[in-house]
Amino acid sequence: MEAKGSPTQENAFERLQTKGLEAVKEKDMFRALAYFKQALLQNPHAVSVHNNLSNIYTMLGNSEAALTHLYEALRLQPQHAESYNNLGRLLYKQARILEAIPYFEKALRLDPNYWEAHYNLAHSLSSLNQLNRAAAHYQEVIRIIPEHPIAHFNVGLIYVAEENYELAQTHLKKAIEQDPTNIEALRQLGQVYVQLGHSLDAMEIYQKALALSPTLGDVNHNLAILYLRQSERAKALLHFREALKQDPTNDTAKHMVMALSNTESNNAPSTYITQLFDQYADYYDEHLKTKLKYNAPGLLRNAVGRCLPTNPTVGRVLDLGCGTGLCGIYFRDMALDLIGVDLSSKMIEKARALGAYEKLVVSNFNDYLIQPDLEPFQLVIACDVLVYSGDLETLFKNVNRVLLPGGCFAFTTEILDSTNIESAEKNSSRYYHLQPTGRFAHTPTYIHELAKDNQLSILCEENITLREQEGSVIRGQIWVLG
């Protein structure tokens, strides 16, 4: 009979440990459990066996047995970093995150280079939205294991959440280098490139994601928008259709499929307008001024000024679709009380920063106008807003209801070119057309008829250049009715 602790017994113990670990790799947890139990009989004081048994019981869902072995491991070796890490991991799995964190921290005090404890602590802190602390521990993982794909991915997500897109780009690219099949990393990097203004890079990344999974609705949607910006309308239509197939409730895709396939519509969905301008808010003003050479608010203000008496102060002014407040800058001087209404909360935030408005409201403008206790206005303006509605009958009726006697309604429209007027005039006697841009153009005839129906006189009708787009001039009109 072999003496306890003899080489033969030690060899048997090691063989059982090895066989147990091999069974784990083969995902045969019950066979692994049997080997580790036999190993424990050979050496009841082996801390490594208690940790292995704890891991097996955790995977089998027996938390009580897992905890028992971890506590025994720590009784046998109170300064064992792996046991503290495993105890924290078990508590994390039970959603006891606040209890888990001190155990990960204890493991790191014992072994500052224990990458798994850094990783688990980072994950716990991220779950509690303590992103700066989490990022620091993910960076420690990367310091110890520079090519760790999940650490790069997770810290990249943190930088995305913090809108630090340059650092997010670096780590997401590294995650994809290590794992080119990480679809979520590809999706996130595509969005980062969009935020950085790198449209061609974003398109390339989205295409890689779709090569792995062609039915990703959001990726098809985002790629369609980028193709639209590149004036590749056929490709944009293809991807909008796929996005709509994956999500039939996607109003933006639905609207753009209609626009790009020359299908008539009455109005753009509110969700489309909200999503469009929420995404556009951060660079809206700069894009309009530098890329589109947009000066419609100033032209509209000049037109209103020519139609008013010598004293330009008109009292209450309502800015429909106020956006970032570009009209507020021009009309502030004539308003005693300036109210802005817009569907996009992010655009309203930008307008609020101007300090030009007495009140700003997130709302569909027709919903706002039909409030029973709404105080009337001397002037209602809508600059570059009616392009998101084809049928204007309800709007005109609602505006007319809230105008004081002698009040004015001032707005801009895009004017139909000659190739579209005929089809528009056949549209149930309504004179508008949904263009491939997703915007509506209106005929002057339609505005004249609406003015007449609402007993409004046309004080100003002026042809203007609204902006430049894709190398072409967009023709429009300024109207002042009263």
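Everything below is about the structure printed above this text.
My aim in this report is to walk through the structure given alongside it, one point at a time. Quick caveat: nothing in here was measured; it's all calculated off a predicted structure.

The next thing to look at is the packing of helix α5 (residues 81-93) against helix α6 (residues 97-110). Where α5 meets α6, the axes come as close as 8 Å, and the angle between the chain directions of the two elements is 165°. Taken together, α5 and α6 sit at an angle that is classed as roughly antiparallel. Crossing angle aside, the handedness with which α5 passes α6 is left-handed. Mapping the contact onto sequence places A81, Y84, N85, L87, G88, R89, L91 and Y92 in α5 and I97, E99, A100, Y103, F104, K106, A107 and L110 in α6. Class assignment for the residues of the contact of α5 with α6 results in 11 nonpolar, 2 polar and 3 charged.

For N120, the location among the structural elements is in helix α7 (residues 115-127). Overall, N120 belongs to the buried group, its relative accessible area being 14%. With sequence-adjacent residues up to four places away left out, N120 is seen in contact with N85, R89 and F104.

With phi around 65°, N129 is a residue other than glycine that occupies positive phi space. Backbone geometry places S231, a non-glycine residue, at a positive phi of 65°. When you line up the elements, S231 lands in the loop between α13 (217-229) and α14 (233-246).

Sheet topology places strand β2 (residues 335-342) next to strand β3 (residues 359-362); 4 bridges connect them, and they run parallel. Pairing of I339 across the sheet is with K359, part of β3. For the crossover that starts at β2, traverses helix α20 (residues 345-354) and ends in the parallel β3, the hand is right-handed.

This next bit is on the pattern of salt bridges. A side chain with one charge may pair with a side chain of the opposite charge, provided their charged atoms come close. Summed over the entire model, instances satisfying the criterion amount to 20 salt bridges. Close ionic contact of D251 with K254 constitutes a salt bridge, the shortest N to O distance being 3.9 Å. In this pair, D251 and K254 both sit in helix α15 (residues 251-260), 3 residues apart, roughly one turn of the helix. The class for D251 is partly exposed, based on a relative accessible area of 24%. By relative accessible area, K254 is classed as partly exposed at 36%. For E462, the salt bridge goes to R306, with nearest N and O atoms at 2.7 Å. Of this pair, E462 sits in strand β8 (residues 458-469) while R306 sits in helix α18 (residues 296-307); the two residues are 156 residues apart in sequence, bridging distant segments of the chain.

A few words on helix α12 (residues 199-212). Here α12 is 14 residues long and its end C-alpha atoms lie 20 Å apart, about the 20 Å a rise of 1.5 Å per residue gives. Buried residues of α12: S199, A202, M203, I205, Y206, A209 and L210, and no others. Buried residues in α12, looked at end-on, bunch into an arc of 165°, giving them a common side. α12 presents L200 and A211 as exposed residues on the side facing more than 90 degrees away from its buried surface. Buried positions along α12 lie against α11 (183-196), α13 and α14.

Following both chains from N to C, one finds α14 and α15 inclined at 145°, their axes separated by 9 Å at the closest point. Like other packed secondary-structure pairs, α14 and α15 cross with a definite hand, here left-handed. Facing R233, A236, L237, F240, R241, A243 and L244 of α14, the residues of α15 in contact are A253, K254, M256, V257 and L260. In the contact of α14 with α15, the residues fall into 9 nonpolar, no polar and 3 charged.

Calculation rules
Residues numbered from 1 in each chain as written. Predicted model: local features only at pLDDT ≥ 70, side-chain atom pairs only at ≥ 80, totals over all residues. Heavy atoms only, no water. Axes fitted to C-alpha atoms, helices over the stretch in contact; angles between N-to-C directions. Helix = DSSP H or I, 4+ residues; strand = E, 2+ residues; numbered from the N terminus. Parallel < 35°, antiparallel > 145°, perpendicular 65-115°, else oblique. Left-handed = near helix turned anticlockwise from the far one by under 90°. Contact = heavy atoms within 4.5 Å. Nonpolar A, V, L, I, M, F, W, Y, C, P; charged D, E, K, R; others polar. Buried < 20%, exposed > 50% of the residue type's maximum accessible area, 1.4 Å probe, protein only. Pairing = 2+ DSSP bridges. Right-handed = clockwise from strand over helix to strand, strands pointing away. Salt bridge = Lys/Arg side-chain N within 4 Å of Asp/Glu carboxyl O. Expected span 1.5 Å × (residues − 1). Arc of directions from axis to C-beta.

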